[in-house]
Amino acid sequence: MARWCYRHRLVVLLLWVGALFGLGFAASAAGTDYANVFSLPNTDSKRAYDQMEKAFPDSAGDTDTVVWKADTGTVRDASVRSRMQPVLDEIAGMKGVGAVAGPYDGRRGAAQISRDGTIAYAQVTFTEQANAVPKELVQDVVDTARDAAGDGLRVELGGQAIQRVQEPPTGLAEMVGILAAAVVLFLAFGSLFAMLLPIGIAVFGVGTGLFSTQLLSHGTDIPDLAPLLATLIGLGVGIDYALFIVTRHRRGILRGMEPEESAVTALNTSGRAVLFAGGTVCIALAGMLVTNLRFLDGVVIGTSLTVVFSVLAATTLLPALLGLLGKRVLSRRQRRRLADRGPETERASGAAARWSAAVQRRPRAIAALAVVVMAILAIPVLSLRLGATDQGNDDASTTTRKAYDLLAEGFGPGFNGPLQVVVTDGDPRALVTGIEETSGVARVAALPPAHGVTVIQVVPTTSPQSQRTDELIDTLRDRVIPDAGATAHVGGVTAVSKDFATITGDRLPYFVATIIGLGFLLLLVAFRSLVVPLTAALMNLIAAAASFGVLTAVFQWGWGLDLLGLGKEGPINAFLPVIMLSLLFGLSMDYQVFLVSRMHEEWVHTRDNARAVRVGLAETSRVINSAALIMVCVFLAFVLSGDSGAAMAGVGLAAAVALDAFILRTALVPAAMHLLDDANWWLPAGLEKRLPHLAVEPAGERPAEEPAPPEGGASVVHGFVRDAEGAPVDGAVLTLLSKGGRQLDRVTSLADGSYIVSVPAPGTYLLSATARSHGARAGHVVVADRPLVYDVRLAQGEVDADAVG
């Protein structure tokens, strides 16, 4: 497939461009039909909502609030009333505004003025829900109301529709994330064309995914949160997947391969891992279906579709673009060096190789340090409290936050989240009396009954996000309502948030068990090992605990919120653990696959766990860290989205990816695999026969697990080349000779001093090592039927003693 796409690159490019613009045109023509279906079946708040919908079917439009405060005098003064009443009348006459209920509307409106008379509010009811209200109309309402401010009068506005017009421009977060990723890619590649490739793949993948999701919104319920999360995950995986393939392709060209063969090899190796990794992300996302929360179904559709298109773009469009660029995928300096010096030798060098060697030398110390760091970061998760954010968590400079604070100042903190007790049977008056006598209740008011239903408005003394408000809801349901002998249900936004948090917490263990189990089975089949998937599952749980600890410290404890400009601390959104864990498990599985697949390839070849872990880490850690850094930039950019849920998800996922890549995958996982030694690759014989074969590495390049050459079987000699002080020697040439002096193998040591030479059969051989600044050394090695570990220490004029293995 890769070869066909490479050779027919113009056709592939035109097909993708046609798909992108065709879907875009169709989506623009059809428009959006996102539906925030938020249903909590079998909950008390859902039963309250159903009863209210039957009794008051006309109260469907979004209701927002205009709040004003007089610095001197009261809002009843003629000077204030003469400024605000015309404003309210003008807003009421706007097309799209259903009604305006102000504090100057007789006796009923008097309740909308605070006790001290300095603060008042008016309710503006639109004819549509917040998402359907035109932004131009909302902006007109905001401008008209704010024009009355000044000269000792403050005017602020709150509500969902108002919140939409103060959000940053759509696409700002995406553009910032892409620009940050571009900088990282340019620093990693040093080539403009190589930098543009992953970004182009991500744009095509995310674009086609979002347009498809928009079209699907007309046929199924997809929440407006889905496109934002799909963009978040699509940009991350799209850039990362292309990065893995382009890195492998560039390495092939630098080693002397023709561009076409290099591209085919890259797709047949890294491309396979991309397919596998994309599948694991989709499976992790599908784990959200276990929660049985209907509004998450649309999130699964949108995010999974974007991941699928990103994988397709990486495996079809990318080889076509590589064909168009040829060797220009390298920087000019690399092309000149390739022309002058010829192909590079295959070796890992630099900081990655030195770090890999350090992990091998001190696995216990590094593992202990990594565990301590992750444990400290996970401590805040013990105080994690799920709930819902509201406009009280907005930035202090926004009009919605100012309106929220004014209402809390004038009417009490509970005014921003009143409870609605919906009575369908019994004596409402007895229930009102019981509620009034309940601790934690500020005000109670029974509305006129309709269709046999009475709604009692209950204003708590505490804010909607307070733990005491949750306790009040439990008290009303468990004691007050039964004692009054009534049939009633407690609803309202605050009660819905509490019920949602409870359901999420109850179903979270099943969800985690599902995605951990599916990930375990995939890795079990891919790497033919029980210990590797168990290690991965444990690491995923550690990463989840630490990342939620960071999230709790930032958003619940308020550490760094002012620095990030993210408003006020509060509970963690109840839906976030499900979404964030799905993305975290999927993305961490990507890094696990790329890391362990290279280790597994080396293990199959040498049967030496230490070398497999060392080489695998040295050759993959740099690209994993680069990919993680790009993910962190993309995720953090969503702090600018203006959506508190997206900001929370962005910070949480950025922390999760950073901890997973920089601590777990490059420190704790390899250290643990060194400590476990050969047990990493243990699999019971009976299970081995029953498992299907899933090759992450291509069959043609993956060495056979049981080589069977003539003369008793082949083996290897491997180890480290060091100088007299024990420092690794990079670039030493090692030659294996037969008894007759015939050269059998010749290799160059890596930056960490490691080497490996192939031996055709058991016997005695001569191994020589030479390095420019260290002289030469030679010694006889006796190889049996298993790999021989043989370290070489270079010292001028000396010859090694014989070695036996």
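All values reported here derive from a predicted model rather than from experimental measurement.

Trainee: What's the story with the pairing of strand S11 (residues 715–722) in this structure? I'm lost.
Mentor: If a strand is regular, its side chains alternate between the two faces of the sheet. Judged by how many residues are buried, S11 sits mostly within the fold: eight of eight residues are covered. Pairing geometry for S11 and strand S14 (residues 754–759), over six bridges, is antiparallel. Its bridge partner being in S14, Val716 is matched across the sheet by Ser758. The pairing of S11 with strand S18 (residues 792–793) spans two bridges and is classified as parallel. Each bridged residue has a counterpart across the sheet, and for Arg722 the counterpart in S18 is Arg793.

Trainee: What is the right way to read unusual backbone geometry from this model?
Mentor: Note: most peptide bonds trans; most residues except glycine with negative phi. Non-glycine residue Asp151 carries a positive phi angle of around 55°. The topology assignment puts Asp151 in the loop between helix H6 (135–146) and strand S4 (153–158). Positive phi outside glycine occurs at Asp677, with the angle close to 55°. Within the secondary structure, Asp677 sits in the loop between helix H24 (644–676) and helix H25 (685–690).

Trainee: Even after reading the chapter, I still don't get empty space enclosed by the protein, so can you show me in this structure?
Mentor: A probe matching the size of a water molecule, rolled over the atoms, marks out where space remains unfilled. For the coordinates displayed, the defined rule picks out two cavities of 30 Å³ or more. As for the largest cavity, its lining consists of Thr280, Ile283, Ala284, Ile515, Leu518, Gly519, Leu522, Phe585, Gly586 and Met589. The set of elements that each furnish at least two residues to the lining of the largest cavity consists of helix H11 (259–286), helix H19 (493–527) and helix H22 (576–606). For the lining of the largest cavity, the leading source of residues is H19, giving four residues. Grouping the constituent residues of the lining of the largest cavity by class yields seven nonpolar, three polar and no charged. Looking at which element gives the most residues to the lining of the second largest cavity, the answer is H19, with five residues. A breakdown of the residues in the lining of the second largest cavity according to their chemical character gives nine nonpolar, two polar and no charged.

Trainee: Just checking my understanding: could you explain the environment of Cys282 for this structure?
Mentor: By secondary structure assignment, the location of Cys282 is in helix H11. The exposure class of Cys282 is buried, given its relative accessible area of 18%. Aside from chain neighbours lying at most four places away, what touches Cys282 is Ser304, Val307 and Val308.

Trainee: Help me out: how do you make sense of the pattern of salt bridges in this one?
Mentor: Two side chains bearing opposite charge may form a pair once their charged atoms approach each other closely. Under the definition given, this model contains 13 salt bridges. Arg7 serves as the salt-bridge partner of Glu260, at 2.7 Å between the closest nitrogen and oxygen. Of the two residues, Glu260 sits in helix H11 while Arg7 sits in helix H1 (residues 2–7), which places them 253 residues apart along the sequence. Notably, a salt bridge pairs Arg146 with Glu156, separated by 3.7 Å at the nearest N-O pair. With Arg146 in helix H6 and Glu156 in strand S4, this pair connects stretches of sequence that are 10 residues apart. Classification of Arg146 by relative accessible area gives partly exposed; the value is 36%.

Trainee: What is the right way to read the state of the cysteines from this model?
Mentor: By definition, a disulfide is the covalent link that joins the sulfur atoms of two cysteine residues. According to the stated counting rule, one finds zero disulfides in the structure shown. The closest cysteine sulfur to the non-disulfide-bonded Cys5 is located on Cys282, 19 Å from its own sulfur. Judged by its relative accessible area of 5%, Cys5 is buried.

Rules behind the numbers
Residues numbered from 1 in each chain as written. Predicted model: local features only at pLDDT ≥ 70, side-chain atom pairs only at ≥ 80, totals over all residues. Heavy atoms only, no water. Buried < 20%, exposed > 50% of the residue type's maximum accessible area, 1.4 Å probe, protein only. Helix = DSSP H or I, 4+ residues; strand = E, 2+ residues; numbered from the N terminus. Pairing = 2+ DSSP bridges. 1 Å grid on protein atoms, 1.4 Å probe; cavity = no way out; pocket = protein on both sides within 12 Å on 5 of 7 lines; lining within 4 Å. Points joined across faces, edges and corners; volume = space filled by probe spheres on them. Nonpolar A, V, L, I, M, F, W, Y, C, P; charged D, E, K, R; others polar. Contact = heavy atoms within 4.5 Å. Salt bridge = Lys/Arg side-chain N within 4 Å of Asp/Glu carboxyl O. Disulfide = S-S within 2.5 Å.

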